[in-house]
Amino acid sequence: MVVAFYEPGSGSSTSTATIQAMDVVEASGSVTLHRSLDHGVARQATGGGLETWGRLGGPGSAQFRHEIIRYEDGAWRVETSEDVAAETVPRQKDNTTF
């Protein structure tokens, strides 16, 4: 199960909530993966796993860290980690299914 902790939008009708953190939790209740994200977005990665984006720097930063994380050999592993421009980050409302 994936649990996401959201930051509320700015209050305008066009603002979108963003992810502050997310956990992957086993049926036993054990957290097997935790990710902290600043103004983050997450979705299921193509081919399995998770794909996340989290803002780098402070408010107004135009750079995000994009990661693809997959479960392999009994552990979560970061497969891809790259810095990307803000305009390449998908909108959260379009990517809420895990």
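See the structure printed just above.
Residues numbered from 1 in each chain as written. Predicted model: local features only at pLDDT ≥ 70, side-chain atom pairs only at ≥ 80, totals over all residues. Heavy atoms only, no water.

### Section: the overall build of the chain
For step 1, the next point in the chain: From N to C terminus, the chain includes 0 helices and 6 strands.
For step 2, the next point in the chain: When its helices and strands are written in sequence order, the chain yields β-β-β-β-β-β.
For step 3, the next point in the chain: Residues classed as buried in the chain amount to 31% of the 98 residues present.
For step 4, the next point in the chain: Restricting the contact set of the chain to residue pairs at least 6 apart, pairs at least 24 apart contribute 26%.
For step 5, the next point in the chain: If you sum the accessible surface of the chain, you get close to 5,800 Å²; carbon and sulfur atoms cover 49% of it. (Helix = DSSP H or I, 4+ residues; strand = E, 2+ residues; numbered from the N terminus. Buried < 20%, exposed > 50% of the residue type's maximum accessible area, 1.4 Å probe, protein only. Contact = heavy atoms within 4.5 Å. Areas by Shrake-Rupley, 256 points an atom, 1.4 Å probe, with all protein chains shown as cover.)

### Remarks on the pattern of salt bridges
For step 1, the next point in the chain: Considering all chains together, one arrives at 5 salt bridges under this definition.
For step 2, the next point in the chain: Between Asp-38 and Arg-55 there is a salt bridge, with its nearest N and O atoms 3.1 Å apart. Here Asp-38, found in strand β3 (residues 31-44), pairs with Arg-55, found in strand β4 (residues 50-55); they are 17 residues apart in sequence, far enough to count as distant.
For step 3, the next point in the chain: Between Arg-43 and Glu-51 there is a salt bridge, with its nearest N and O atoms 3.0 Å apart. (Salt bridge = Lys/Arg side-chain N within 4 Å of Asp/Glu carboxyl O.)

### Some points on the pairing of β3
For step 1, the next point in the chain: Where strand β2 (residues 18-25) meets β3, 6 bridges bridge the pair, whose relative direction is antiparallel. Looking at the pairing, Met-22 lines up with Arg-35 of β3.
For step 2, the next point in the chain: Where β2 hands over to β3, the hairpin turn is made up of 5 residues, of which Gly-29 adopts a positive phi near 100 degrees.
For step 3, the next point in the chain: Counting the residues that bridge the hairpin from β3 to β4 gives 5 residues, and of these Gly-47 lies at a positive phi of roughly 85 degrees. (Pairing = 2+ DSSP bridges.)

### Regarding the sheet that holds strand β1 (residues 2-7)
For step 1, the next point in the chain: With antiparallel pairing, the 6 strands of this open sheet are ordered in space as β1-β2-β3-β4-β5-β6. Both edges of this open sheet fall to β1 and β6 (75-85), since each of them pairs with a single strand only. Each strand axis lies, on average, 25 degrees off the axis of its neighbour in the sheet, ignoring direction. (Axes fitted to C-alpha atoms, helices over the stretch in contact; angles between N-to-C directions.)

### A closer look at the nonpolar core
For step 1, the next point in the chain: If you look at the biggest cluster of nonpolar residues, it comprises 8 residues: Ile-19, Met-22, Val-24, Leu-33, Leu-37, Ala-42, Leu-50 and Ile-69.
For step 2, the next point in the chain: Where this core is concerned, the elements lending two or more residues are β2 and β3.
For step 3, the next point in the chain: In terms of nonpolar packing, the next biggest core, distinct from the first, is built from 5 residues, Val-41, Trp-53, Phe-64 and Val-84 among them. (Core = buried A, V, L, I, M, F, W, Y, C linked by side-chain atoms within 4.5 Å.)

### A word on unusual backbone geometry
For step 1, the next point in the chain: Within the chain, His-39 stands out as a residue other than glycine whose phi angle is a positive 50 degrees.
For step 2, the next point in the chain: Relative to the helices and strands, His-39 is located in strand β3.
For step 3, the next point in the chain: Unlike most non-glycine residues, Asp-73 shows phi in positive territory, near 50 degrees.
For step 4, the next point in the chain: Here Asp-73 lies in the loop between β5 (63-72) and β6.

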